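Descriptive analysis of the structure
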Amino acid sequence: MELKKKLKPKKGLRILEYILGTILLIAIALTIFYFYERYQLTELGYSIQASNEILLKMKKSYVMEIGENKTLNAAFESSDYKEKNLDHYSKIKYQKQKHLIRNINSLIKRKYNNNEISMILSHGNDEDVTAFAKRDKVEYLEEFFTYDYAKIRNYDRYLAYMNETGEDEENTIIQVNIDLDKEPYKDPVITDDYSPKVLVTKHRKLKDGYVPKDLITIPQEYVKGEEKVKGTRIAWQNLKRMIDDAKKEGMEILVNSAYRSYKEQVKVFDLYKGLYGDEYVAKYVSTPGFSEHQTGYGFDLASAKSNVFSTTKEYDWTIKNSAKYGFVHRYPTSSESITGFSNESWHFRYVGKKIATYVYENKLVYDEYFAMFLDKEN
Ligand SMILES: [Zn+2]
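Worth saying up front: this structure is predicted, and the values here are computed from it rather than measured.

This part covers the domain arrangement of the protein chain. The accessible area lost on association of the parts is a frequent measure of interface size. With domains assigned, the protein chain is organised as domain 1 (12-91), domain 2 (114-177) and domain 3 (189-374). Taking the mean C-alpha position of each, domain 1 and domain 3 sit 63 Å from one another.

Spelled out as structure tokens, the structure:
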């Protein structure tokens with residue numbers, strides 16, 4: 001009896017235990033509730049970091065109503081988050097950019113609407129957008145940036161070029177993107193693309209030491225004259241098929257010239273310069289390093305019967321059919337202002353069937369195709 005009495009806790013201690021127990025239960029319940037709330041957000045697609053911030057800022061029901069939204073997620077993850085811009089974030093198209101939220105805040109401050117901000121973000125990289133967000137609001141955003149290939153970093157150049165040339169927006173964008181507003185051969189873009197997509201122009205130079213990787217010698221029966229001619233394997237395989245198919249229709253197409261090394265181009269350039277002068281070479285002969293012949297994808301074609309290709313049935317046939325074999329007519333008369341070269345009826349360039357067909361059907365030159373679809377240095 002005496003022992004049992006001793007073991008019974010005192011009344012005050014029991015109340016304390018009760019309180020502590022209750023607190024513990026509440027804590028457990030709250031933790032479960034918190035994890036459940038966060039679980040709902042992460043299930044929606046929000047990161048743990050963003051979900052924590054959403055709960056901390058008491059925006060859960062707001063976010064749940066909107067649902068999954070990458071820009072909103074980025075906003076809650078960012079230290080640049082601004083409560084007053086909350087309604088904008090979810091309506092602006094997400095881009096994976098380091099200073100996305102900071103730049104969105106700046107653009108909102110400059111009074112761009114959500115659509116315009118989405119447009120700006122999708123036409124440049126983080127650096128471009130950061131620079132753009134620092135300047136005052138500009139006009140004519142929509143006119144230019146409905147085109148996928150417009151670049152916000154070129155905005156001022158577009159305006160200047162348009163004023164100077166009177167070209168429409170689309171042509172302006174394409175032509176500025178391939179640097180036609182700059183002086184030829186000055187500060188060229190350097191390319192080391194060895195694929196059939198390589199673009200070489202008066203504004204795009206091949207890297208020093210550029211030699212195609214897969215050069216083969218073209219069988220002499222396909223060559224006009226005695227000289228050895230080389231081209232890239234893929235281009236030649238397709239050209240051979242083209243010439244063979246043309247033969248079945250009574251056409252006699254030969255190759256006059258194809259791959260030319262940098263050194264050979266120097267020789268050609270100097271030869272023609274000596275013979276016909278600066279003006280001629282500017283129009284017809286590429287400066288070394290700027291020649292498509294150095295890529296192994298450019299071919300000068302000829303008819304077996306005539307020395308003036310443009311007057312032959314072989315020429316007509318080639319213009320009509322070469323796209324099926326992956327070749328584009330590279331320097332047509334109609335596009336002299338874009339290519340910078342006068343009509344070269346004989347010069348065809350391998351780019352692959354898909355691109356060649358698109359270029360042919362849409363009456364483009366390859367420079368334009370490149371600016372529209374391949375120029376990824378956004
Ligand atoms: Zn040529």
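That was the structure; now back to the text.
By the secondary structure assignment, Gln 220 is in the loop between β3 (215-217) and β4 (230-232). Through-space distance from the C-alpha of Gln 220 to that of Leu 20 is 98 Å; in sequence the pair is 200 residues apart.

For the rest of this paragraph, the subject is the sheet that holds strand β7 (residues 327-329). Strands sit in the order β5-β6-β8-β7 across an open sheet of four strands; the sheet is antiparallel. The sheet is open, and its two edges are formed by β5 (253-257) and β7, each paired on a single side. Taking each pair of neighbouring strands and ignoring which way they run, the sheet shows an average axis angle of 45 degrees. Across four bridges, the pairing between β5 and strand β6 (residues 298-303) is antiparallel. The residue of β6 that forms the bridge with Leu 254 is Ala 302.

Take Thr 191: it is sitting in strand β1 (residues 189-191). For the pair Thr 191 and Ile 117, spaced 74 residues apart in sequence, the C-alpha separation works out to 32 Å. Ignoring anything within four residues of it in the chain, the contact list for Thr 191 reads Val 198, Leu 199, Arg 204, Leu 206 and Lys 207.

The subject of this paragraph is helix α2 (residues 11-44). When the terminal C-alpha atoms of α2 are compared, their 50 Å separation across 34 residues agrees well with the 50 Å that a helix rising 1.5 Å per residue should span. Counted residue by residue, α2 has one buried out of 34 residues, so it is predominantly exposed. Among the residues trailing α2, Gly 45 stands out with phi positive, at a value near 115 degrees.

Criteria and cut-off values
Here, residues in each chain are numbered from 1, in the same order as that chain's written sequence. Thresholds applied to this predicted model are a pLDDT of at least 70 for local features of residues and 80 or more for the giving and counting of side-chain atom pairs; totals over whole chains, interfaces and linings are not thresholded and use all residues. Domains are outlined according to an automatic or database domain assignment. The way it works is that DSSP assigns letters per residue, a run of H or I at least four long becomes a helix, a run of E at least two long becomes a strand, and they are numbered from the N terminus. Two strands make a pair as long as DSSP finds a minimum of two bridges between them. Axes here refer to lines fitted to C-alpha atoms; in helices the fit is confined to the stretch in contact. Angles between the N-to-C directions go from 0 to 180 degrees. In this description, any two residues whose backbone-derived C-beta atoms lie within 7 Å of each other are considered to be in contact. Expected helix span is given by 1.5 Å per residue-to-residue step, counting one fewer step than there are residues. Each residue is classified by how many other C-beta atoms fall within 10 Å of its C-beta atom, where C-beta atoms are placed from the backbone; a count of 20 or more means buried, 12 or fewer means exposed, and values in between mean partly exposed.

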